[in-house]
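Okay, here's what each chain looks like letter by letter:
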Amino acid sequence: MAKNHGAKQQKKLAKQKAKRQEKRTSLMHRDSLDPTIRLRHAAKWPVTRALMAEKLWETGLGYLLIARRDEGGRIVFASFMVDVFCLGVKDAFWHSGSSTKFDEIVEDMQNTQSLVPIEPECLVKILQGAVDYARSLGFGPHRDFKHAALLLQGIDPADCHRQLTYGKDGKPFYVRGPHESSQEVFTILQRVREAGGHYVIDPGMMPILDDDFEDDDDDDDYDDGDSSNDIIIEPVAPPEGE
């Protein structure tokens, strides 16, 4: 009888130890700075907010935000700066905190552009379409997109029935941003021109760009040392038959 009681006690202690270990592991995952760990269960978290720039399709550039509530009650959200006319996802980041902190960030963004609710499925469809369109021109999404996009897990863009058209009047339209170097502008303009698109840049750059357009073999590898707003220039496959 005593032997049986000892076995039960050991089994109980083993369960308690396993439970403590599970709790420690859960806390480590919750506080991890590695998004592949922190966000790996994002598909199970309910979406609490999905927002987009109200005039995204008019101006071509705007924010998309999505927020989810994790198992611990924290708000985990991702923000994407999207150019639907040309460059796709120009900036992206993710963060976790209180709902109050998220509301403050939304309020700050509202100071620059009005944000309106959107179906999560349509938010994902817009993002995926923008990335695909930009890639067709040779521009990859911001380097942090792959991590921020982990918060899109479990949301099916096929459930969005909006018809989306990228570019402006069917062609790429590039407006130079404040963080793009002259070398990046140079490469972007070349690809936009090749696609029959249009652009708006500082007129003062045109003489320099026109002089340099004949010699740009190394521009794809240009790096100005600031990765916070990098545009990833990707190789473009030659036309079929070449």
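In what follows, the structure referred to is the one given above.
Residues numbered from 1 in each chain as written. Predicted model: local features only at pLDDT ≥ 70, side-chain atom pairs only at ≥ 80, totals over all residues. Heavy atoms only, no water.

Quick word on the overall build of the protein chain
Thinking step 1. From N to C terminus, the protein chain includes eight helices and nine strands.
Thinking step 2. Counting all 242 residues of the protein chain, 39% fall into the buried class.
Thinking step 3. For the protein chain, restricting intrachain contacts to residue pairs at least 6 apart in sequence, the fraction spanning at least 24 positions comes to 69%.
Thinking step 4. If you sum the accessible surface of the protein chain, you get close to 14300 Å²; carbon and sulfur atoms cover 50% of it. (Helix = DSSP H or I, 4+ residues; strand = E, 2+ residues; numbered from the N terminus. Buried < 20%, exposed > 50% of the residue type's maximum accessible area, 1.4 Å probe, protein only. Contact = heavy atoms within 4.5 Å. Areas by Shrake-Rupley, 256 points an atom, 1.4 Å probe, with all protein chains shown as cover.)

As for the environment of L151
Thinking step 1. By the element assignment, L151 lies in the loop between α6 (145–148) and β7 (173–175).
Thinking step 2. Expressed as a C-alpha distance, the spacing of L151 and H41, which sit 110 residues apart in the sequence, is 9.0 Å.
Thinking step 3. When sequence neighbours within four positions are dropped, the list of residues in contact with L151 reads L39, A42, W45, I66, R68, V76, F77, A78 and W94.

Re the sheet that holds strand β1 (residues 47–53)
Thinking step 1. Judged by pairing direction, the sheet is antiparallel, and its five strands sit side by side in the order β4-β3-β2-β1-β5 without closing on themselves. Both edges of this open sheet fall to β4 (88–97) and β5 (115–117), since each of them pairs with a single strand only. When strand polarity is set aside, the average angle formed by the axes of neighbouring strands in this sheet is 20°.
Thinking step 2. Looking at chain direction, β1 and β5 are connected through three bridges and run antiparallel. (Pairing = 2+ DSSP bridges. Axes fitted to C-alpha atoms, helices over the stretch in contact; angles between N-to-C directions.)

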